[in-house]
Amino acid sequence: MTEPSGGEPVAAGLQGATLRGLVRDTFVYGSGDVLLRAAAILTIPIYTRVFSPDDYGTWAFVTTAVWLLNAFLIVGMDSAYTRFFFDVRSDRERQALTTTSLVFVAAWSTLVVVALLPFTPAISEWIFDTDEHWPLFVIALVTAPLVLVSAIASTALRNTFRAGLFSIFNVAVTLTGIAIGLYLVIVENRGVEGPLIGVLAATAIVLPLRLWTIRALLARAFAWKSLRGMLAFGLPLVPMTLALWVMLVSDRIVIAKVSTTEQLGLYTIAVGAVSILALADAAFTQAWLPRALQAYDRDPVSASAFYARVLTYLIVTFGFAALVLSAFAEELLGVLTGSDFHGAAIAVGPLTLAAVALASSQVLSMGVRISKRTMYSTLAAGLAAVLNLVLNLIFVPEHGMIAAAWSTAAAYGFLAVAQYVVSQRLVRIEFELRRSLAAAAVTFALVLAVRLIEDSEGATELALKLGLSLAYFPLLAAVGVVGERELEALRGLRVSGLRRRVALPTDSAQAARRGTSGPTAPD
């Protein structure tokens, strides 16, 4: 694969269409995620008034436990299905692959759930020192197969680039679940069972609609050979998911054990302030893999150039968001929290850098995805989790939450570098290393510079923060990260948007596009 020169496009039309599709899908997925997050936040004032702290904690624990169980039960099949979907060439093969994924996940998860159901009283006794909560685990377990089958059906929508339907169904499930849950809690006095039953009912209601929309991808066929390949791809992702979860929570556990609850509270607020970047990363992740694999399927050489551009633009976009959040963290917390929590602002900067690194690793790991050698990603994630834990144990006792924040940034930075090194050994991709590293360096330097102006006063501090933020793109231009190519890309996105507003496709054309079972993406 050859690296594209700065101003010379490689398969420019194909790259431009794929980039526009990636941006559009990311926006759609992100909009849906924002609606889901807003809906969940709106329930907090209600549930915190009808539940006791004990009830709320019980509900939170059961929800977390079920999330971990689902991460195990899906055995990476959603990612494996996407990877293999772009390997097959005929509609019949895609139908067999989709049906195999759905049937396996449904059968495997149901088998495990049936085996666990008799032990729910013992599980409740072991966790809560009482068996009275066993119905909660029954409800959660029964929900699991429905959620996992829904996940595969949603992945089919992603693979056929129907981001709108994907988001609509997710929003429908969330709003329906909230409505049913609130009714059961407020009117029927069902307690913690209410929101759990709401999720179960909503998932069951929407699942037939999900399956109906992917009916063109279903058939009476089962691909045993493909199943073996997908399991080989997906199973290593299970410990990777657990490693990433350890990275997500180990810092707070260490702070709670070796520092103070005040530091834990401030750190939790800082993590919440950076959650907007987590939402953006989730949206990009949902849009990225299908587009990336389709680009590689069409033309591996052009895909290399596409990956290189996306990595540069991703670091720039997330880097600017990280800088703005870091610079104005104190002002943001001043609006969202009381004065006692403003000290959390110092941890925001390192956490935003961690978010930039995590987003970058999605692109840097493409060699692993293409080669289907996912065990290497799992190894990288495991080492990053160990690094995170060790750094926390060494530095948090003395330095508190700021050490936890920098430990998280270091761990995610290590993960990104490790993913790059491993992926390059498997599939060589010519990234724009000079541009990408320059963008990362500018981001890192300006986020650090924020700390130097925090002791300024009033209008001076605000002006300096604004100046740092406005200096970001001129500095990127000065070091050659952005230039004429980026202006052309922005003009292309604007022209594409105008074209869509002036001449929308007909309903029949949209219907024909949605009915196809092949991975044909809209431009």
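What counts, and where the lines are drawn
- Residues numbered from 1 in each chain as written.
- Predicted model: local features only at pLDDT ≥ 70, side-chain atom pairs only at ≥ 80, totals over all residues.
- Heavy atoms only, no water.
- Helix = DSSP H or I, 4+ residues; strand = E, 2+ residues; numbered from the N terminus.
- Expected span 1.5 Å × (residues − 1).
- Buried < 20%, exposed > 50% of the residue type's maximum accessible area, 1.4 Å probe, protein only.
- Salt bridge = Lys/Arg side-chain N within 4 Å of Asp/Glu carboxyl O.
- Patch = residues over 30% accessible without salt bridge, like charges linked within 9 Å, V, L, I, M, F, W, Y side chains within 5 Å.
- Areas by Shrake-Rupley, 256 points an atom, 1.4 Å probe, with all protein chains shown as cover.
- Core = buried A, V, L, I, M, F, W, Y, C linked by side-chain atoms within 4.5 Å.
- Contact = heavy atoms within 4.5 Å.
- Phe/Tyr/Trp six-rings, centres within 6.5 Å; stacked < 30°, edge-to-face > 60°.
- Lys NZ or Arg CZ within 6 Å of the ring centre and 35° of its normal.

Q: Now, about helix α15 (residues 348-364): what can you tell me, with residues and values included?
A: An ideal rise of 1.5 Å per residue puts 24 Å on 17 residues; α15 measures up with 24 Å between its terminal C-alpha atoms. Where burial is concerned, most of α15 is hidden: 16 out of the 17 residues are buried.

Q: So what's going on with the pattern of salt bridges? Residues and values would help.
A: For side chains of opposite charge, pairing can occur when their charged atoms come near one another. On inspection of all chains with the given rule, the structure shows 10 salt bridges. Ionic pairing is found between lysine 372 and aspartate 87, a salt bridge with its closest N-O pair at 2.4 Å. Placement of lysine 372 in the loop between α16 (366-371) and α17 (375-399) and of aspartate 87 in the loop between α3 (77-85) and α4 (91-116) is noted, with a sequence separation of 285 residues between them. Accessibility expressed as a relative area gives 27% for lysine 372, which makes it partly exposed. On the basis of relative accessibility, which here comes to 31%, the residue aspartate 87 falls in the partly exposed class. Across the pair glutamate 461 and lysine 465 runs a salt bridge whose closest N-O atoms are separated by 3.1 Å. Highlighted residues: glutamate 461 and lysine 465, both in helix α20 (residues 458-470), separated by 4 residues, approximately one helical turn. You'll find glutamate 461 and lysine 465 in the same group, each marked buried.

Q: Before we move on, can you summarise a nonpolar patch on the surface with the specific residues and values?
A: On the surface, Val50, Tyr183, Ile186 and Val187 cluster together to form a nonpolar patch covering roughly 370 Å² of accessible area. Classification of isoleucine 186 by relative accessible area gives partly exposed; the value is 47%.

Q: Account for the nonpolar core, with residues named and values stated.
A: Counting 120 residues, the largest nonpolar core has Met77, Trp288, Tyr307, Val363 and Met366 as the members making the most contacts within it. Counting residues per element, this core draws most heavily on helix α13 (residues 300-327), which supplies 14 residues. Setting aside residues no more than four positions away along its own chain, methionine 366 makes contact with Trp288, Leu289, Ala292, Leu293, Tyr307, Ser423 and Ile429. Ranked by size, the runner-up nonpolar core spans 17 residues in total, among them Trp59, Val62, Val66 and Leu184.

Q: Before we move on, could you go through the packing of aromatic side chains and cite the residues and values that matter?
A: Taken as a whole and judged by the stated rule, the model has 18 aromatic pairs. Three or more aromatic residues joined by ring pairs make a cluster, and in this case those are Tyr81, Phe85, Phe86 and Phe161. A cation sits over an aromatic face here: arginine 94 above phenylalanine 85, 5.9 Å from the ring centre. Looking at arginine 215, its charged tip hangs above the ring of tryptophan 212, at a distance of 4.1 Å from the centre.

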